[in-house]
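Listed below are the residues making up each chain.
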Amino acid sequence: MYIFISIIAFSLIIATHELGHFTAAKLLGVRVYEFAIGMGPAILKKQGKETLYTLRALPIGGFCSMGEDSESDDPRSFNGQKRWRRTIILAAGGIGNLIFAYILTLFLIIPVTRFVGTTITELADGFPGEGISGLMVGDTIISVNGEKTHYIEDFRTHMYFAQSSHVDLVLKRDGDILIRNNFNLEMREYETDGIVQLRYGLSFNVIEANFIEKLKYSVFSTINNVGLIRLSIAQLFRGNASIRDLSGPVGIVGMMNEIGQESSSFRDALYSLIDITAFIGVNIAFMNLLPIPAMDGGRILFQGINWLIEKFTKRKLNPKYEGYIHATAMVLLLGLMGFVLINDILRIIKS
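First, a word on scope: everything that follows refers to the structure included in this document. (Residues numbered from 1 in each chain as written. Predicted model: local features only at pLDDT ≥ 70, side-chain atom pairs only at ≥ 80, totals over all residues. Heavy atoms only, no water.)

When the terminal C-alpha atoms of helix 2 (residues 83-108) are compared, their 38 Å separation across 26 residues agrees well with the 38 Å that a helix rising 1.5 Å per residue should span. At Ala92, helix 2 shows its largest kink, close to 40°. (Helix = DSSP H or I, 4+ residues; strand = E, 2+ residues; numbered from the N terminus. Expected span 1.5 Å × (residues − 1). Bend = angle between axes of the 7 residues up to and from the residue.)

Right, dumping it as structure tokens:
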């Protein structure tokens, strides 16, 4: 059952991405030849007034075909539009995913009655960094290692990704901005109400979760997920993570199924899967908007490259050459996806 729910979740993420492109194209009067959910052979087809709607066999992708890689005399073709209109259409897929993730996050926090901020309300007994030159009650932690913190979740995320217990903090104290570079902030054993716990020794302010705060929290939670993905990619480039740590649809579905099975109730499982779905939606938005050929961000990048070519040479770049670059990049991406797929399967077999 949880595998089925996970597949539905992936399909919704794909659908919202392609719906973003589709909606922007339709609003801007651009012709859409086909709107497809999934890849591979079509299992359902419906011909609209000008657009063919298809549902395909493999729920691992989708597309909104607007003839991006071909020339056309049709004034409603994608390449016949002004550059800013094409950029909006290309960016709309990722924006659709971000809106979807935001809505899911907002749904999850409907029953929440309070949030925890980053203003220090108490320092544990024996906290070594207490004082005017360190941390004091009333200080608000604005950033950790240059990463903004709005809620305790942001603080925990950035502390997790810190390379050591010595971090650079930016604080706000009585309206003044203070900097604490190389500040030693590590997990220690502190006793609270007779119970010894491993913690940073900081207690933070409680925020009443009214309607406006819930809207704000959903925004910052989505932003926090973007930061989490960016930091994870940085870990990969630093060598702190391996390409073998990457997971594709098979691995993620397996993980979601495992989380569902281990949850104490169906309600808890559903909430966990919705939370993961929101994170994946942000992930797909982020990756698609990177300036990599074959991705939406790569196509947006080529809008700028084409503008430069036209400005300095007074000639237009034939769309087929851009198409060759995107096609080559797609082959490489498919190769990476194949590697990740095999790695996912081997990981499942070994477990």
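Tracing the backbone through its elements, the reader meets Val253 in helix 5 (residues 249-262). Judged by relative accessible area, Val253 falls into the buried class, the value being 15%. Sequence-wise, Val253 and Ser133 are 120 residues apart; in three dimensions their C-alpha atoms are separated by 48 Å. Those residues within four positions of Val253 in sequence are excluded, and the remaining contacts are Ile3, Ser6 and Phe10. (Buried < 20%, exposed > 50% of the residue type's maximum accessible area, 1.4 Å probe, protein only. Contact = heavy atoms within 4.5 Å.)

Inspection of the secondary structure assignment puts His158 in helix 3 (residues 152-161). Classification of His158 by relative accessible area gives buried; the value is 6%. For His158, the contacting residues outside a window of four places in its chain are Val144, Glu147, Lys148, Thr149, Asn224 and Leu231.

A cluster of nonpolar side chains, Met1, Phe266 and Leu270, forms an exposed patch at the surface whose accessible area comes to about 300 Å². You can see Met1 is positioned in the segment before helix 1 (2-27). (Patch = residues over 30% accessible without salt bridge, like charges linked within 9 Å, V, L, I, M, F, W, Y side chains within 5 Å. Areas by Shrake-Rupley, 256 points an atom, 1.4 Å probe, with all protein chains shown as cover. Salt bridge = Lys/Arg side-chain N within 4 Å of Asp/Glu carboxyl O.)

What follows deals with unusual backbone geometry. In most cases, non-glycine residues show a negative phi, while peptide bonds are predominantly trans. We note that Asn182 has phi near 55°; this positive angle belongs to a residue other than glycine. Despite not being glycine, Ala294 has its phi angle at roughly 85°, a positive value. Overall, the relative accessible area of 15% leaves Ala294 in the buried class.

This brings us to helix 4 (residues 211-238). The first and last C-alpha atoms of helix 4 sit 41 Å apart over 28 residues, in line with the 40 Å expected at 1.5 Å per residue. Against helix 2, strand 3 (114-123), strand 5 (147-148), helix 3, strand 10 (202-208) and helix 6 (266-288) lie the buried residues of helix 4.

Packed helices, taken two at a time, are described by the angle between their axes plus the distance between the axes. Between helix 1 and helix 6, the shortest axis-to-axis distance is 10 Å and the interhelical angle comes to 35°. Note on packing geometry: the crossing formed by helix 1 with helix 6 is right-handed. Contacts between helix 1 and helix 6 involve Tyr2, Ile5, Ala9, Phe10, Ile13 and His17 from the first element and Phe266, Ala269, Leu273, Thr277, Ile280, Gly281, Ile284 and Asn288 from the second. Across the contact of helix 1 with helix 6, the residue classes break down as ten nonpolar, four polar and no charged. (Axes fitted to C-alpha atoms, helices over the stretch in contact; angles between N-to-C directions. Left-handed = near helix turned anticlockwise from the far one by under 90°. Nonpolar A, V, L, I, M, F, W, Y, C, P; charged D, E, K, R; others polar.)

Another point: the environment of Gly335. Relative to the assigned elements, Gly335 resides in helix 8 (residues 319-350). Classification of Gly335 by relative accessible area gives partly exposed; the value is 46%. Separated by 322 residues in the primary sequence, Gly335 and Ile13 have C-alpha atoms spaced 22 Å apart.

Membership of the largest hydrophobic core comes to 20 residues, with the highest contact counts inside it found for Phe127, Leu135, Ile141, Phe155, Leu169, Leu185 and Leu202. For this core, the secondary-structure elements that each account for two or more residues are strand 3, strand 4 (140-144), helix 3, strand 6 (166-173) and strand 10. Among residues more than four places away in sequence, those in contact with Leu135 are Ile120, Leu123, Phe127, Gly129, Glu130, Leu169, Leu171, Arg173, Phe183 and Leu202. Listed in part, the 19 residues of the second largest apolar core include Ala9, Ala269, Ile276 and Val282. (Core = buried A, V, L, I, M, F, W, Y, C linked by side-chain atoms within 4.5 Å.)

Across all of its chains, the model carries eleven aromatic pairs by this definition. For the pair Phe115 and Tyr151, a centre-to-centre distance of 5.9 Å together with 70° between the ring planes defines the contact as edge-to-face. Taken together, the positions of Phe115 in strand 3 and Tyr151 in the loop between strand 5 and helix 3 put the pair 36 residues apart, joining distant regions of the chain. Judged by relative accessible area, which is 5%, Phe115 ranks as buried. The structure contains a cluster of three or more aromatic residues connected by ring pairs, namely Phe115, Tyr151, Tyr217 and Phe220. The ring of Tyr271 carries Arg267 above its face, with NZ or CZ at 4.7 Å from the centroid. (Phe/Tyr/Trp six-rings, centres within 6.5 Å; stacked < 30°, edge-to-face > 60°. Lys NZ or Arg CZ within 6 Å of the ring centre and 35° of its normal.)

Relative to strand 9 (residues 195-199), strand 8 (residues 188-192) runs antiparallel, the two sharing five bridges. If you follow Glu189 over to strand 9, its bridge partner there is Leu198. Here strand 8 hands over to strand 9 after two residues, with Asp193 in that stretch at a positive phi of 50°. (Pairing = 2+ DSSP bridges.)

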